[in-house]
Amino acid sequence: MKQIFGRPAGLTDVLQRYCPGCGHGIVHRIIGELLVKLGIRERAVGIAPVGCSVFADEYFNCDMIQPPHGRGPAVSTGIKRSRPDCIVFSYQGDGDLAAIGTAEIIHAASRNENITVIFINNAIFGMTGGQMAPTTLPGMKSTTSVQGRNIKKQGYPIKVCELLAGLDGPYYLVRTSVHDPKNIIKTEKALKNAFGNQIAKNGFSLVEILSMCPTNWGMTPVQSKRWIGDTMMKYFPLGEYRNRAKEEK
Amino acid sequence: MAEKRLMYGNHAIVEGVLAAGCRFFAGYPITPQNEIPEYMSIRMNEVGGVFIQTESEIAAINMLFGAAAAGKRAMTSSSSPGISLMQEGISYIAGADIPVLVVNVIRGGPGLGNIAPAQSDYYQATRGGGHGDYFTITLAPNSAQELFEFPKLAFELAEKYRNPALILADGLLGQMMEPVEFSYDPVDPTTLPEPSYALSGCQGRDRRVVRSYDLKPGKLEEWNWRRHAKYQHIMEKEQRAQAADCDDAELVIVAYGTSARVSSAAARMAREKGYKVGLLRPITLWPFPKNALAELSNKVEYFLVVEMNLGQMVEDVKLATECKNKIHFHGRPGGGVPTPHEIYEKIETILGGSS
């Protein structure tokens, strides 16, 4: 029988522990495919964050390291500068990247460090059980903002692409989503660009991906996808926030 | 004959690190160790290594984690408050069994403290420092010469045991100038073998994972027991200390680093006055040189622990000697440096009448 679909060689043959309807699995698959398509699996070093995707070190079929919460960009810098031929990617959630790791991501971007950052924005702390994230929307409920995020008390969400676009350093900043097939295809293109930039030694690329968390949003998977399209994308507009490749043309 | 140069202690560390074949430095400015990154930035450029001035000590230690996990010799230097910031990273590095070198040029604490020389980070250095069950191999040089030589020793021990290593200096050792003999041929980093854990891309081999966590029930406990066995082995095999005039001594001073230099002058003064005084200088603070102290405890009546802190090493001396002896302490916390004379007076008080 002819096989028409299977697990890409960029992913290990391990059952992933993500919840039904979670966006991590989609993004993992895209990365797993790109590691093979771009021929970089055997020189890739991935960084797993702290959070639900801490287990990414078991899922990506390449060398992996699991550093402290938020420090992925610093660890990536150490690896990339020591082994410039390796393709280094840091996979991070919104607590990891936009809360505890704010300093590390800003400075890696500012140095235009030649690494690829995959930033999963699901507006919530997943692994710890649904606490407010720096990206939790105004009015959105979480276990530490049970009345809904009150901007007078808890401030505004952090828009990472817009924030980093204020720096001269980064080469490529883009926000995508994985809530429907059209946007999944766009996400794949963005990730391909982000790895391509590193291969071409262009510098820092970050792909922010709006991603579903049905469990902690208290929604069904279908409701979660709709919520991204109807609500989340209004606060976090999709698109390129920096693309030096286009500017240089 | 090997080249000899008059150098600052902080510059001697840099030359020692480079001679050890290390080509990766990441660090953040803090007094009294700024001569290390400043001189390192020039020298790393000359030898084609990596120098990164980081946004914080947190970033620095994590860059080391990355570089060392990639299989390269990597080091950072800082001073007390900065070393506190690094503890999270050091704990992860210890938990992932990765060798790195951290130099702490200690200043007065706690808090911002001051920028004067101190030894008040002894507990932090010898008890792990961060969270979890672990130890770091800790060396205490007492001269510019040892500041040159110990980086190589530290890397060798760190790699042999896959464990972070610390060098504890202080502002005085770092800022003073002494002759340094370039006593060994520099290590060519390209001749260092790729370690078995190195993240370098999985071409032609199974993929490798560097991590400090395991959520499977019982696994982390097993992992910690294995590390415990490693620590026991290090404690047995790697104790280092230097003894001077201890054979006939009635009183032995126990002091390391700058305190040992000052104590050595005090011991000479005491000998001139007829007091039988020796000096035991721990070179490894962890593992603590218990054996040397245990042996001395059978023939010496008094120990005098001299430290630039409130007496942190005293309890290690008590443990090693099983409290068989009379143990005195002379300390100067908060950036104070003892003088030979005040130590001598302490000796005279203890031994007064017995000579």
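Predicted, not measured: the structure shown is a model, and the values here were computed from it. (Residues numbered from 1 in each chain as written. Chains lettered and ligands numbered in written order. Predicted model: local features only at pLDDT ≥ 70, side-chain atom pairs only at ≥ 80, totals over all residues.)

Draft legend 1. Fine view of the overall build of chain A. Helices and strands together make up the secondary structure of chain A, namely eleven helices and nine strands. For 249 residues, the compact-globule estimate of 2.2 N^0.38 gives 18 Å, and chain A sits close to it at 17 Å. Across its three principal directions, the C-alpha atoms of chain A cover 50 × 50 × 35 Å. For chain A, the proportion of its 249 residues judged to be buried stands at 55%. Excluding contacts between residues fewer than 6 apart, the proportion of contacts in chain A whose partners are at least 24 apart in sequence is 67%. (Helix = DSSP H or I, 4+ residues; strand = E, 2+ residues; numbered from the N terminus. Rg over C-alpha atoms; globule rule 2.2 N^0.38 Å. Buried ≥ 20, exposed ≤ 12 C-beta atoms within 10 Å, placed from the backbone. Contact = placed C-beta atoms within 7 Å.)

Draft legend 2. Summary view of the pairing of strand β3 (residues 50–53) of chain B. Residues and elements named next belong to chain B. By the alternation rule, side chains of β3 split into Val 50 and Ile 52, which are all buried, and Phe 51 and Gln 53, of which none is buried. Pairing between strand β2 (residues 24–27) and β3: four bridges, direction parallel. By the bridge assignment for β3, Phe 25 is matched with Phe 51. Traced from β2 through helix α2 (residues 35–47) to β3, the parallel crossover comes out right-handed. (Pairing = 2+ DSSP bridges. Right-handed = clockwise from strand over helix to strand, strands pointing away.)

Draft legend 3. Molecular detail of the interface of chain A and chain B. The partner chain B presents 32 residues to the 27 residues of chain A that form the contact. Mapped by element, the contributors of at least two residues to the side of chain A that touches chain B are β1 (44–47), β2 (63–65), α3 (72–82) and α5 (102–110) of chain A. At eight residues, the largest contribution of residues to the side of chain A that touches chain B is made by α3 of chain A. Along the lines of polarity and charge, the residues of the side of chain A that touches chain B split into twelve nonpolar, seven polar and eight charged. (Nonpolar A, V, L, I, M, F, W, Y, C, P; charged D, E, K, R; others polar.)

Draft legend 4. Summary view of helix α6 (residues 144–161) of chain B. All names here are of chain B. Under the 1.5 Å per step criterion, the end-to-end length of α6 is 26 Å for 18 residues, consistent within 8% with the ideal 26 Å. Helix geometry: α6 is bent most strongly at Phe 150, by close to 35 degrees, with proline Pro 151 lying one to four residues after it. With 15 of 18 residues buried, α6 is to be regarded as a mostly interior element. Arg 162, located one to two residues past α6, shows a positive phi value of around 45 degrees. (Expected span 1.5 Å × (residues − 1). Bend = angle between axes of the 7 residues up to and from the residue.)

Draft legend 5. The arrangement of the sheet that holds strand β11 (residues 251–254) of chain B in detail. Residue and element names in this part refer to chain B. With respect to topology, five strands assemble into an open sheet ordered β10-β12-β11-β14-β15, the strand pairing being mixed. With partners counted over all chains shown, the strands left at the sheet margins are β10 (241–244) and β15 (326–331), one partner each. Averaged over all neighbouring strand pairs, the angle between strand axes comes to 20 degrees, with direction disregarded. With four bridges joining them, β10 and strand β12 (residues 277–282) adopt antiparallel strand pairing. Bridge assignment links Ala 244 to a residue of β12, and that residue is Leu 279. Sheet strands in contact with helix α9 (residues 257–272) are β10, β11, β12 and β14 (302–307), and its direction is about 170 degrees off that of β12. Sheet strands touched by helix α10 (residues 290–297): β10, β11 and β12. Its angle to β12, the strand with the most contacts, is close to 160 degrees. (Axes fitted to C-alpha atoms, helices over the stretch in contact; angles between N-to-C directions.)

Draft legend 6. Layout of the domain arrangement of chain B. Residues and elements named next belong to chain B. Parsing chain B into structural domains produces domain 1 (4–200 + 227–235) and domain 2 (241–351). If you average the C-alpha positions of domain 1 and of domain 2, the two centres end up 27 Å apart. With 27 residues of domain 1 at the interface, the matching set in domain 2 holds 23 residues. Residue contributions to the side of domain 1 that touches domain 2 peak at four residues, all from helix α5 (residues 122–126). (Domains from an automatic or database assignment.)

Draft legend 7. Expanded view of the packing of α3 of chain A against α5 of chain A. Residue and element names in this part refer to chain A. Viewed as axis vectors pointing N to C, α3 and α5 meet at an angle of 40 degrees, and their least axial separation amounts to 7 Å. As the angle between them shows, α3 and α5 are arranged oblique. Taken together, the residues of α5 that come into contact with α3 (itself represented by Pro 73, Ala 74, Ser 76 and Thr 77) are Glu 104, Ile 105 and Ala 108. The residue makeup of the contact of α3 with α5, split by class, is four nonpolar, two polar and one charged. (Parallel < 35°, antiparallel > 145°, perpendicular 65-115°, else oblique.)

Draft legend 8. Quick look at the sheet that holds strand β8 (residues 205–210) of chain A. Judged by pairing direction, the sheet is mixed, and its eight strands sit side by side in the order β9(A)-β7(A)-β8(A)-β4(A)-β3(A)-β1(A)-β2(A)-β9(B) without closing on themselves. Edge positions in the sheet fall to β9 (239–243) of chain A together with β9 (209–210) of chain B, since each of these pairs with one other strand and no more. Note: strand β7 (residues 172–177) of chain A against β9 of chain A, four bridges, orientation antiparallel. The residue bridging Arg 175 of chain A from the neighbouring strand is Gly 239 of chain A, located in β9 of chain A. On top of the sheet, α3 of chain A reaches β1, β2, β3 (87–93) and β4 (116–121) of chain A; it is set at about 175 degrees to β3 of chain A, its chief contact.

Draft legend 9. Summary view of the nonpolar core. The biggest cluster of nonpolar side chains holds 178 residues, and the ones touching the most others in it are Ile 118 of chain A together with Leu 64, Val 100, Ala 154, Val 252 and Ile 347 of chain B. Counting contributing residues, this core receives three or more from each of domain 1 (4–200 + 227–235) and domain 2 (241–351) of chain B. (Core = buried A, V, L, I, M, F, W, Y, C linked by C-beta atoms within 7 Å.)

Draft legend 10. Expanded view of the packing of α9 of chain B against helix α12 (residues 340–351) of chain B. Residue and element names in this part refer to chain B. For the pair α9 and α12, interaxial distance at closest approach is 8 Å and the crossing angle is 50 degrees. By the angle between their axes, α9 is oblique relative to α12. For α9 against α12, the interelement crossing comes out right-handed. Seen from α9, the contacting residues are Val 262, Ser 263, Ala 265, Ala 266, Met 269 and Ala 270; seen from α12, they are Pro 340, Ile 343, Tyr 344 and Ile 347. Considering only residue class, the contact of α9 with α12 consists of nine nonpolar, one polar and no charged. (Left-handed = near helix turned anticlockwise from the far one by under 90°.)

Draft legend 11. Quick peek at the UniProt feature "domain: Thiamine pyrophosphate enzyme TPP-binding" (unreviewed entry) in chain A. UniProt records the feature "domain: Thiamine pyrophosphate enzyme TPP-binding" (unreviewed entry) at residues 57–209 of chain A, using the numbering of this structure. Regarding residues 57–209 of chain A, the helix share stands at 38% and the strand share at 20%, and the terminal C-alpha atoms are separated by 19 Å. (UniProt positions renumbered as here; feature names shortened; annotations may be inferred.)

Draft legend 12. Up close: helix α4 (residues 80–95) of chain B. Residues and elements named next belong to chain B. An ideal rise of 1.5 Å per residue puts 22 Å on 16 residues; α4 measures up with 22 Å between its terminal C-alpha atoms. The largest bend along α4 measures about 45 degrees and falls at Met 86. Judged by how many residues are buried, α4 sits mostly within the fold: twelve of 16 residues are covered. Of the positions making up α4, those classed as buried are Ser 80, Gly 82, Ile 83, Met 86, Glu 88, Gly 89, Ile 90, Ser 91, Tyr 92, Ile 93, Ala 94 and Gly 95. For α4, the elements touching its buried residues are α3 (57–69), β4 (75–78) and β5 (101–106).

Draft legend 13. Main features of unusual backbone geometry. Residues and elements named next belong to chain B. That bond from Thr 31 to Pro 32 is cis: its omega, 10 degrees, falls within 30 degrees of zero. Its place among the elements puts Pro 32 in the loop between β2 and α2. At Glu 322, a residue that is not glycine, the phi angle is positive and equals roughly 50 degrees. Tracing the chain through its elements places Glu 322 in the loop between α11 (314–321) and β15.

Draft legend 14. Representation of the confidence of the model for chain B in the model. In the predicted model, chain B carries a mean pLDDT of 97, and the fraction of residues at 70 or more is 99%. Here the predicted complex carries an ipTM of 0.97, next to a pTM of 0.97. (pLDDT = per-residue confidence, 0-100.)

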